[in-house]
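Breakdown of the fold
Listed here are the chains, written in short residue letters.
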Amino acid sequence: MKHKRPLVVATFAMTVDGKVTTKNLSPVDFTSREDKLHLFRQRALADAVLIGHTSLKRDNVRLGLPAEMQKNRVKRGRSGCPLRVIISNEGKIDHRLKIFQSDVSPIIIFSTKRMPQKYQRALEKKATLHLNDKKNVDLTGMLKTLRNKYEVRTVACEGGPTLFRSLLEQDLIDRLNLTIAPYMFGGAKAPTLTGVGKDFLPVTVHCSLSDMRTVGEECFLTYRIKHPPRHRN
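Everything in this summary refers to the structure shown in the same document. The residue count restarts for each chain, going from 1 along the sequence in the order it is written. Since the coordinates come from a predicted model, pLDDT governs what is reported: local features require at least 70, and pairs of side-chain atoms require 80 or more to be given and counted, while whole-chain, interface and lining totals use all residues. Only hydrogens and water are set aside when side-chain values are computed; all heavy atoms of the structure are taken into account.

Right, let's get into the overall build of the protein chain. Segments assigned H or I by DSSP are reported as helices when at least four residues long, segments assigned E as strands when at least two residues long, and all are numbered from the N terminus. Looking only at helices and strands, the protein chain has six helices and nine strands in total. For 233 residues, the compact-globule estimate of 2.2 N^0.38 gives 17 Å, and the protein chain sits close to it at 17 Å. Projected onto the principal axes, the alpha-carbon positions of the protein chain cover approximately 50 × 45 × 40 Å. Whether a residue is buried, partly exposed or exposed follows from its accessible area with a 1.4 Å probe, protein chains only, as a fraction of its type maximum: under 20%, in between, or over 50%, in that order. Put simply, the protein chain has 233 residues, and 46% of those count as buried. Contacts are assigned to residue pairs with any non-hydrogen atoms lying within 4.5 Å of each other. Considering only intrachain contacts with a sequence separation of at least 6, the fraction spanning at least 24 residues in the protein chain is 68%. For the protein chain, the computed accessible surface area is about 13000 Å², with 50% contributed by carbon and sulfur atoms. Counting 42 positive and 22 negative side-chain charges, the protein chain places the centres of these two groups 5 Å from one another. With the radius of gyration taken over C-alpha atoms, the globule rule is written as 2.2 Å times the number of residues to the power 0.38. Only the protein chains shown count as cover for residues, with accessible areas throughout obtained via the Shrake-Rupley method and a probe of 1.4 Å. By the counting rule applied here, Lys and Arg register as positive and Asp and Glu as negative, while His and the ends of each chain are not counted. By convention, charge coordinates are those of NZ in Lys, CZ in Arg, CG in Asp, or CD in Glu.

And the structure:
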């Protein structure tokens, strides 16, 4: 398994008109308790949970698990909660966010050397930093580091749409769990699953439906992402 990346499973909720939040990009609670449990279950299956800085800042989440799920993980010989991984190109992450006030699992930050020194000094007390020389985080390298250095086999990606799109464009998403909630947000500036106001991916991504169920008014879908064939030189 040396140099192979982890399996990446993304979990999102969206409205009937395809929006993942409102045009104001503010936190909005539009899904049921069942959907929240669904998110926790997917997180509990992973060795690491992955989130982009914008989503982390907006939702201010700890990325932990309910006590019962932690106990079940420990019974299976795993840590109580998965590693928590933050992606930020500029690295201006507020060390006072809730995630840094919780010690349920180690925090790993992948950023660049664009991260200002004052942020580095504050964050290195709370997390392990991996900074590269490029303008943006090397997502392929990030996944390889998680696999080889931290023995991560499965990553739960929880957003946001910009990170999801970047992973998808680099053929780094393997499965998508999608909850469709019975609302419409509207608005051209309200982000969809792959972001706001951009052309779609350079190559069409084929999603193969592997599971579907309904609970109340919500529909839970699981898609396998079909990767394009690799061409040998």
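Attention shifts here to the sheet that holds strand S4 (residues 107–112). What the nine strands build is an open sheet, ordered S5-S4-S3-S2-S6-S1-S7-S9-S8; its pairing is mixed. Strands with a single pairing partner mark the edges of an open sheet, and in this sheet they are strand S5 (128–132) and strand S8 (206–215). In this sheet, adjacent strand axes meet at a mean angle of 20 degrees when their direction is disregarded. Here the rule is simple: two strands pair whenever DSSP picks up at least two bridges between them. Taken together, the five bridges between strand S2 (residues 48–52) and strand S3 (residues 83–87) define a ladder with parallel strand orientation. When the bridges of S3 are listed, Ile 51 appears paired with Ile 86. Here an angle of 0 to 180 degrees is reported between the N-to-C directions of two axes, which are lines fitted to C-alpha atoms, with helices fitted over the stretch in contact. Along the sheet face, helix H5 (residues 139–150) touches strand S1 (7–15), S2, S3, S4, S5 and strand S6 (154–157) and points at about 150 degrees away from the line of S4. Its contacts with the sheet place helix H6 (residues 161–169) against S1, S2, S3, S6, strand S7 (175–181) and strand S9 (218–226), and it is angled at close to 110 degrees to S2.

The next point concerns the layout of surface pockets. Detection works on a 1 Å grid of protein atoms alone, calling trapped sets that fit a 1.4 Å probe cavities and calling open sets with protein on both sides within 12 Å along at least five of seven lines pockets, with lining residues defined by an atom within 4 Å of a point. Grid points are joined across faces, edges and corners, and a volume is the space filled by probe spheres set on the points. When its volume is computed, the largest pocket comes out at roughly 780 Å³. Taken together, 29 residues form the lining of the largest pocket, with Val 28, Leu 39, Arg 58, Asp 59 and Val 61 sitting closest to its centre. For the lining of the largest pocket, the secondary structure elements donating two or more residues are S1, helix H1 (33–44) and helix H2 (53–59). Looking at the lining of the largest pocket, the element that brings in the most residues is H1, giving six residues. Ten residue types, Ala, Val, Leu, Ile, Met, Phe, Trp, Tyr, Cys and Pro, are classed as nonpolar, four, Asp, Glu, Lys and Arg, as charged, and the remainder, Gly among them, as polar. Looking at the lining of the largest pocket residue by residue, the class counts come to 12 nonpolar, nine polar and eight charged. Estimated volume of the second largest pocket: approximately 580 Å³. Taken together, 25 residues line the second largest pocket, and the ones lying closest to its centre are His 53, Thr 54, Asn 89, Thr 162 and Leu 163. Mapped onto the lining of the second largest pocket, the elements with two or more residues apiece are H2 and H6. Among the elements that make up the lining of the second largest pocket, the one with the highest residue count is H2 (five residues).

Moving on, we come to the pairing of S7. Across the seven residues that make up S7, a large majority, five, are buried. For S7 and S9, the ladder comprises six bridges, and the chain directions are antiparallel. What sits directly across from Arg 175, in S9, is Arg 224.

Across four bridges, the pairing between S1 and S6 is parallel. Counterpart to Val 8 in the pairing with S6 is Val 155. With three bridges connecting them, S2 and S6 associate as parallel partners. When the sheet's bridge partners are listed, Val 49 is paired in S6 with Ala 156.

Spatial relationships are all this shows, so hold off on functional conclusions.
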